[in-house]
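Listed below are the residues making up each chain.
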Amino acid sequence: MESNKEDIGHIALGVRIGGLALMNPVMTASGTFGYGEEFAPFCDLNRLGAVVVKGLSLEPRMGNPAPRIMETPCGMLNAVGLQNIGIRAFINDKLPYLRQFDLAVIANIFGETVDEYRRIAEILSGADGVHGIEVNISCPNVKKGGVAFGAKPDVAADVTKKVRSETDLPVIVKLTPNVTDITEIALAVEAAGADAVSLINTLTGMSVDIERRRPHLANITGGLSGPAIKPVALRMVWQTVRCLKIPVIGIGGISTAADALEFLIAGATAVEIGTANFIDPAVTIGILDGIEAYMIRHGIGRIDELIGSLKTDP
Ligand SMILES: Cc1cc2nc3c(=O)[nH]c(=O)nc-3n(C[C@H](O)[C@H](O)[C@H](O)COP(=O)(O)O)c2cc1C
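Residue indices begin from 1 for each chain and proceed along its sequence in written order. Residue-level local features of this predicted model are given only where pLDDT is at least 70; pairs of side-chain atoms are given and counted only at 80 or more, and the full residue set underlies all totals for whole chains, interfaces and linings. Based on all heavy atoms of the structure, the side-chain values leave hydrogens and waters out of the count.

### Thoughts on the overall build of the protein
- Secondary structure elements follow DSSP: runs of H or I of four or more residues count as helices, runs of E of two or more count as strands, with numbering from the N terminus. For the protein, the helix and strand inventory stands at ten helices and 18 strands.
- In this treatment the radius of gyration is a C-alpha quantity, and the globule benchmark scales as 2.2 Å times the residue count to the 0.38 power. Relative to the globule expectation of 20 Å for 314 residues, the C-alpha radius of gyration of the protein, 18 Å, shows essentially globular dimensions.
- Counting only C-alpha atoms, the protein reaches 55 × 45 × 40 Å along its principal axes.
- Here the term buried applies to any residue with accessible area under 20% of the maximum for its type, exposed to any over 50%, and partly exposed to those in between, with areas from a 1.4 Å probe on protein chains only. Within the span of the protein, comprising 314 residues, buried residues form 57% of the whole.
- Areas reported as accessible are Shrake-Rupley estimates using a 1.4 Å probe. Residue values count occlusion only from the protein chains shown. Surface summary for the protein: the accessible area is close to 13000 Å², and the carbon and sulfur share equals 54%.
- Positive and negative charge centroids in the protein, built from 28 and 35 side chains respectively, lie 6 Å apart. Counting rule applied: Lys, Arg positive; Asp, Glu negative; His and chain ends not counted. By convention, the point assigned to a charge is CZ for Arg, NZ for Lys, CD for Glu and CG for Asp.

So this is what it looks like as structure tokens:
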């Protein structure tokens, strides 16, 4: 994935996630950008640092019953429940399309058992056109697996080790904010061989229809995403960056270049854009342009000079 497109004029935007060189730090967040193809008419995929595809399981999943989406002030609740076409259909039907782009493709994976995670990693390792694996141990909307793997350091480490043992691809472990101390989990997965961590997944929430006195979501609870969660996500990214040696990818409520810059300055090596894609399918390109404009305005030639440049001294 080395590319001279990472140098726009004299601005060097390239970042590294383990062994993977991204031409810029703007990625999409899993579950908010389909399998890439759906967004291609609106957004030039060749300009993105990476596309993280919808979470993939060993077998196809129907997800949770409707209603499973609810708008909230400055965000949304979702309880989609990891609906997806399954790993084999992804490789056969979706990857060939993505291979035509100069783009890093990250497969987001999910298992109901530790062995399922291992199996999916094994299958993906042989797939032409996958550049990295993001391991979702943080979905709050499924009965088996998901956040159950991400809330305990030893279990999170076990999943990471099993995936690591099956693949040479960069392994990014995606963490949940629904824990007391996210750094404990981050340190455990780093020690278990993760190349990077990404955070945050959604915050568990709920909403009640007062006329019917019933939850709005059939699943009762859902995951909160969007601008409402950004300050929490930023705080967790900052805390995690200070504890780890591996790169941290910031996710949570990023809708503008200024939002993305906050995460980069706090120490995130890259950012993933989620819910904002539903409002503007080309938002990622605007964010990339905005980061570049900011760097020009501040005379910053390399993105490394910006990453982690937060000043906290009095
Ligand atoms: C509708 C929807 C589906 C999602 N599906 C997944 C998924 O399959 N795997 C995953 O790791 N995260 C999933 N997420 C979480 C997002 O990738 C992201 O971590 C979260 O929404 C916070 O970022 P945002 O505020 O920018 O949306 C989903 C989020 C939404 C809103």
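### Details of the pairing of strand β17 (residues 248–251)
- Judged by which residues are buried, β17 turns out to be covered on both faces: Val248 and Gly250 on one side and Ile249 and Ile251 on the other are all buried.
- Across three bridges, strand β12 (residues 196–199) lies against β17 in parallel orientation. Considered in β17, the bridge of Leu199 is made with Gly250.
- We call two strands paired when DSSP finds no fewer than two bridges between them. Where β17 lies against strand β18 (residues 270–273), three bridges are found, and the strand directions are parallel. Looking across to β18, one finds that Ile251 is bridged to Glu272.

### Describing the sheet that holds strand β8 (residues 75–78)
- The four strands are arranged β7-β8-β16-β13 in an open sheet whose pairing can be described as antiparallel. Because the sheet does not close on itself, it has two edges, and the strands there are β7 (69–72) and β13 (203–206). Within the sheet, the average angular offset between the axes of one strand and its neighbour, ignoring direction, is 40°. Note on geometry: axes are lines fitted to C-alpha atoms, helical ones only across the stretch in contact, with angles between N-to-C directions running from 0 to 180 degrees.

### Quick word on the site of the ligand
- Surveying the vicinity of the ligand reveals 23 residues, the closest of which are Ser30, Lys174, Gly226, Gly253 and Thr275.
- We define a polar contact as two N or O atoms separated by no more than 3.5 Å, with the added condition that, inside protein, one atom must be a possible hydrogen donor and the other a possible acceptor, whereas residues neighbouring each other in sequence contribute only through side-chain atom pairs. A distance of 2.6 Å is found between an oxygen atom of the ligand and a side-chain nitrogen or oxygen belonging to Thr275.
- Alone, the ligand offers 610 Å² of accessible surface; in the complex the protein occludes 97% of this.
- Considered class by class, the residues forming the shell around the ligand number six nonpolar, 15 polar and two charged. Note on terminology: near, applied to a residue and a molecule or strand, indicates that one of the residue's heavy atoms is within 4 Å of it. Throughout this entry, Asp, Glu, Lys and Arg are counted as charged residues, while Ala, Val, Leu, Ile, Met, Phe, Trp, Tyr, Cys and Pro are counted as nonpolar. The remaining residues, Gly among them, count as polar.

### Details of the packing of aromatic side chains
- Between the rings of Phe, Tyr and Trp (Trp by its six-membered ring), a pair exists once the centres lie within 6.5 Å; its type follows the angle of the planes, with under 30 degrees stacked, over 60 edge-to-face, and the other angles tilted. Tallied over the entire structure, the rule returns four aromatic pairs.
- Relative to Phe39, the ring of Phe33 has its centre 4.3 Å away and its plane inclined at 25°; by these criteria the two rings are stacked.
- The exposure class of Phe33 is buried, given its relative accessible area of 0%.
- Given the relative accessible area of 12%, Phe39 is considered buried.
- Considering the side-chain rings of Tyr35 and Phe90, the 6.1 Å spacing of their centres and the 35° angle between planes classify their relative orientation as tilted. Of this pair, Tyr35 sits in the loop between β5 (26–28) and β6 (50–52) while Phe90 sits in helix α1 (residues 87–98); the two residues are 55 residues apart in sequence, bridging distant segments of the chain.
- Under the relative-accessibility criterion, Tyr35 is labelled buried at 8%.

### So, helix α2 (residues 114–125)
- Compared with an ideal rise of 1.5 Å per residue, which puts twelve residues at 16 Å, α2 spans 17 Å between its outermost C-alpha atoms and is within 8% of the ideal.
- Looking only at α2, the buried set comprises Val114, Tyr117, Arg118, Ile120, Ala121 and Leu124. For α2, the angular spread of the buried residues around the axis is 165°, confining them to a single face.
- Contacts were defined at the residue level, with two residues in contact if any of their heavy atoms lie within 4.5 Å. Against the buried residues of α2 lie α1, β9 (104–109), β10 (132–136), α3 (147–150) and α4 (153–166). Expected helix span is computed as 1.5 Å times (number of residues minus one). Think of it as the arc spanned by the lines of direction from the helix axis to the C-beta atoms.

### Quick look at α1
- Where α1 is concerned, the buried positions are Ile87, Phe90, Ile91, Leu95 and Leu98. For α1, the arc enclosing every buried residue in end-on projection is 90°, short of the 170-degree limit, so these residues lie on one face. Residues of α1 that are exposed and point more than 90 degrees away from the buried face comprise Asn92 and Asp93.
- The secondary structure elements touched by the buried residues of α1 are β9 and α2.

### Side note on the side chain of Asn24
- With respect to the helices and strands, Asn24 occurs in the loop between β4 (20–22) and β5.
- The exposure class of Asn24 is buried, given its relative accessible area of 3%.
- For Asn24, the side chain forms a polar contact with the main-chain oxygen of Arg47, separated by 2.7 Å.
- Here the side chain of Asn24 touches Gly49 through a polar contact of 3.1 Å, landing on its backbone nitrogen.
- Non-local contacts of Asn24, meaning those with residues more than four positions away in its chain, are made with Leu13, Gly14, Val15, Arg47, Leu48, Gly49 and Leu288.

Fair warning: the whole summary comes from geometry, so function is off the table for now.
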